[in-house]
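Coordinates in review
So you can see what is in the structure, the chains are spelled out below.
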Amino acid sequence: MIARILPGCVAAAESYGDEPAAALFPEESRLTATMSDVRRREFATVRHCARRAALRLGVPPAPLLPGPRGAPQWPHGVVGSMTHCRGYRAAALARGDHVRGVGIDAEPHQALPEGMLDRIALPGEQEQQRELRRLNGSVCWDRLLFCAKEAVYKVWSPLTRAWLGFHEASISIVPDGGTGAGTFRVRVLRAVPEGADGEVPTVLRGRWLANRQLLLAAIVVPRNPATP
């Protein structure tokens, strides 16, 4: 399902439940010592997805350990993103000579808890939420906004080595016209910090999908802006 909103240069793999065959490298297993059984299975399955995606790029299996801000440390020459929520795990990877960054997120297709929208949305985004609900009440637009902002962070953080808050990115969601899929535009509101990985764009474009009781969002930053 995630492949529907990713370009062809990105390899993806997904699972709708935990994979009994998912194995961990010793370095990864040590990180799970204090995790609950549920979290451990989730941790293993999403890495199983990532290794399946890596094989599609010709990259052999390797440990995927979290970096300083929690993002996975990918093999040399690879960029990617992982996500998991109830009933879904996925990973998307690409070669670094084609793609600079990938950010994906999955969320259950249900409304955010009361008060959460106020915590994540800028005034303009809240105004758009009202208009989106008026146009189509079948999509949980507030949860989709959260999903898109998570995808933004997963792209921004590896490129800039910096945190990005919910109110530091403004997102405009393009209505789907009833197809269950669409696009969104991101304007990052903070300056790119020193030490970033080259020139980091502050305007990003993403795609979203509502299907199988899930919401998915994806952003891909090409190495060459002309790359499809």
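Refer to the structure above for everything that follows.
Each chain has its residues counted from 1, running along the sequence as written. Local features in this predicted model are restricted to residues of pLDDT 70 or higher, and side-chain atom pairs are both shown and tallied only at a pLDDT of 80 or more, whereas totals for entire chains, interfaces and linings draw on every residue. Working from all heavy atoms in the structure, the side-chain values ignore hydrogens and water.

**Section: the packing of aromatic side chains**
- We call Phe, Tyr and Trp rings a pair once their centres come within 6.5 Å, taking the six-membered ring for Trp, and we label the pair stacked below 30 degrees between planes, edge-to-face above 60, and tilted otherwise. This model, assessed by the stated rule, comprises four aromatic pairs.
- Taking 5.6 Å as the distance between ring centres and 80° as the angle between the ring planes, the aromatic pair formed by W141 and W208 counts as edge-to-face. On the criterion of sequence distance, the pair formed by W141 in helix α5 (residues 141-160) and W208 in strand β7 (residues 203-211) is long-range, its members being 67 residues apart.
- Two conditions define a charge sitting above a ring: the NZ of Lys or the CZ of Arg must be within 6 Å of the ring centre, and it must be within 35 degrees of the ring normal. Its end group placed over the ring of F43, R47 keeps NZ or CZ at 3.6 Å from the ring centre.
- R212 extends its terminal NZ or CZ atom over the ring of Y16, reaching a point 3.8 Å from the ring centre. Under the scheme used here, helices are H or I runs from DSSP no shorter than 4 residues and strands are E runs no shorter than 2 residues, and both carry numbers assigned from the N terminus.

**Comments concerning the pattern of salt bridges**
- Salt bridges are identified by distance alone: a Lys or Arg side-chain nitrogen within 4 Å of an Asp or Glu carboxyl oxygen. Scanning the model with the defined rule gives eleven salt bridges in all.
- Its salt-bridge partner being R39, residue E42 comes within 3.6 Å of it at the nearest N-O pair. Linking E42 with R39, this pair stays in helix α2 (residues 37-56), spanning three residues, or about one helical turn.
- Assessed through its relative accessible area of 14%, E42 is described here as buried.
- Two residues, D105 and K154, come together in a salt bridge whose shortest N-O distance is 3.4 Å. Here D105 is found in strand β4 (residues 99-108), whereas its partner K154 is found in helix α5, with 49 residues between them in sequence. Residue burial is assigned from relative accessible area. The probe radius is 1.4 Å, only protein chains are included, and a residue is buried under 20% of its type maximum, exposed over 50%, and partly exposed in between.

**Focus on the sheet that holds β7**
- Pairing between two strands is assigned when DSSP locates at least 2 bridges connecting them. Pairing is antiparallel in the open sheet, where five strands are placed in the order β4-β8-β7-β6-β5. The open sheet has two edge strands, β4 and β5 (169-173), and neither has a second partner. Each adjacent strand pair in this sheet contributes to an overall mean axis angle of 25°, direction not counted.
- Sheet topology note: the β4/strand β8 (residues 214-222) ladder contains nine bridges and is antiparallel. Lines fitted to the C-alpha atoms define the axes, with helices restricted to the stretch that makes contact. Angles between their N-to-C directions range from 0 to 180 degrees.

**Describing helix α4 (residues 123-135)**
- Between the first and last residue of a helix there are one fewer steps than residues, each counted as 1.5 Å, and that sum is the expected span. With 13 residues, α4 extends 19 Å from end C-alpha to end C-alpha; this agrees with the ideal 18 Å at 1.5 Å per step.
- Listed as buried for α4 are E125, Q126, Q129 and L132. Along the long axis of α4, the arc covered by the buried residues comes to 115°, so they all point the same way. α4 presents P123, E127 and R134 as exposed residues on the side facing more than 90 degrees away from its buried surface. Regarding the arc, it is the one traced by the directions from the helix axis to the C-beta atoms.

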